[in-house]
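Commentary on secondary and tertiary structure
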Amino acid sequence: MKILFATNNKHKLEEVRQIAGSGFEVISLEDVALTGDIPEESDTLEGNALFKARYIFDKTGIPTFADDTGLEVEALNGRPGVYSARYAGPGKNDRKNMQKILKELKNKTNRKARFRTVIAFIPPDGKEIFFEGIVNGTIGTEPRGSYGFGYDPVFLPEGYDLTFAEMAADLKNSISHRSRAFAKFANYLNNNLGREL
Ligand code: IMP
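Below is a short write-up of the structure. (Residues numbered from 1 in each chain as written. Predicted model: local features only at pLDDT ≥ 70, side-chain atom pairs only at ≥ 80, totals over all residues. Heavy atoms only, no water.)

**Topic: the site of the ligand**
- Around the ligand sit 13 residues in total, of which K12, T69, D152, K172 and R178 are the nearest.
- One of the backbone nitrogen or oxygen atoms of T69 is found 2.9 Å away from an oxygen atom of the ligand.
- Within the contact set of the ligand, an oxygen atom lies 2.9 Å away from a side-chain nitrogen or oxygen of R178.
- In the complex, the protein chains occlude 86% of the 480 Å² of accessible area that the ligand would expose alone.
- In this structure the site holding the ligand corresponds to the largest pocket.
- Among the elements of the structure, β3 (64-73) and α5 (177-192) are those that each provide at least two residues to the shell around the ligand.
- Class assignment for the residues of the shell around the ligand results in four nonpolar, four polar and five charged. (Near = heavy atom within 4 Å. Polar contact = N/O pair within 3.5 Å; in protein donor to acceptor, adjacent residues only side chain to side chain. Areas by Shrake-Rupley, 256 points an atom, 1.4 Å probe, with all protein chains shown as cover. 1 Å grid on protein atoms, 1.4 Å probe; cavity = no way out; pocket = protein on both sides within 12 Å on 5 of 7 lines; lining within 4 Å. Sits in = over half its atoms within 2 Å of the grid points. Helix = DSSP H or I, 4+ residues; strand = E, 2+ residues; numbered from the N terminus. Nonpolar A, V, L, I, M, F, W, Y, C, P; charged D, E, K, R; others polar.)

As structure tokens, then:
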């Protein structure tokens with residue numbers, strides 16, 4: 001069974017392939033020669049993931065899934081959320097995005113935050129199925145660590161005194177929002193193998 005992951009990100013593709021197991025061949029946009037960026041214009045993670053999956057399914061007819069992730073900070077009413085990648089605006093980068101959050105949380109005692117990943121899947125019959133993965137934690141007071149990417153240096157997952165950027169990839173991947181969402185998705189695929197699909 002072939003399923004298409006609407007991504008050009010090789011790192012994510014590898015991670016999903018490992019979780020999905022051998023019952024599925026996970027291919028990427030590169031494999032179907034679709035390389036342009038897919039617009040992300042929704043104001044929800046669900047909307048963006050669904051748009052990407054539907055857009056590629058309509059072009060290829062192959063069962064397709066797409067993901068979208070955001071960092072949701074409680075004291076900022078869930079921001080940056082769906083705008084996580086571009087929070088600091090034009091010329092943004094990971095450092096500037098983190099600095100903006102640290103500034104906004106200065107003097108705030110509530111530092112609760114969570115990463116949330118949403119996966120939207122369009123199976124052969126064209127319906128829409130969603131999977132969600134969440135990791136709760138807090139925002140530190142300064143960046144720490146050099147692994148990972150994005151907001152990893154300022155995010156401390158619940159139960160650890162380490163930021164994601166201080167964790168080896170294996171440990172982060174075993175508890176991350178993304179791996180939790182992908183694990184649910186892989187479970188769904190394996191349970192439905194030979195039936196719905
Ligand atoms: P995407 O939907 O996976 O592209 O994620 C959107 C943005 O969320 C990224 O550009 C990062 O800023 C942030 N992000 C997503 N996943 C992570 C993570 O595992 N660690 C840190 N930041 C992340």
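**A word on the side chain of R178**
- Take R178: it is sitting in helix α5.
- We classify R178 as buried; its relative accessible area is 5%.
- Look past the residues within four positions of R178 in its chain and what remains in contact with it is K12, E15, D67, T69, T117, F149 and K172. (Buried < 20%, exposed > 50% of the residue type's maximum accessible area, 1.4 Å probe, protein only. Contact = heavy atoms within 4.5 Å.)

**Considering the side chain of K12**
- Note on placement: K12 falls in helix α1 (residues 10-20).
- With a relative accessible area of 18%, K12 lands in the buried category.
- In this structure the side chain of K12 is engaged in a polar contact, spanning 3.2 Å, whose partner is the side chain of D67.
- When near neighbours in sequence (up to four residues on either side) are disregarded, K12 contacts F5, T7, D67 and R178.

**Points about the nonpolar core**
- Judged by nonpolar contacts, the single largest core of 18 residues is most densely connected at L71, V73, I101, I139, Y151 and F155.
- Of all the secondary-structure elements, those providing two or more residues to this core are β3, α3 (94-104), β5 (112-122) and β6 (129-139).
- With three residues, α3 is the single largest residue contributor to this core.
- For I139, the contacting residues outside a window of four places in its chain are L71, V73, I101, L102, L105, R111, A113, V154, F155 and L156. (Core = buried A, V, L, I, M, F, W, Y, C linked by side-chain atoms within 4.5 Å.)

**Let's talk about the pattern of salt bridges**
- Taken as a whole and assessed by the stated rule, the structure comprises 13 salt bridges.
- The partner of E72 in a salt bridge is R116, and the shortest N-O contact between them spans 3.1 Å. Pair noted here: E72 is in strand β3 and R116 is in strand β5, with a separation of 44 residues, a long-range link.
- Given a relative accessible area of 14%, E72 falls into the buried group.
- One salt bridge connects R116 with E132, and the closest N-O pair in it is separated by 2.8 Å. On the criterion of sequence distance, the pair formed by R116 in strand β5 and E132 in strand β6 is long-range, its members being 16 residues apart. (Salt bridge = Lys/Arg side-chain N within 4 Å of Asp/Glu carboxyl O.)

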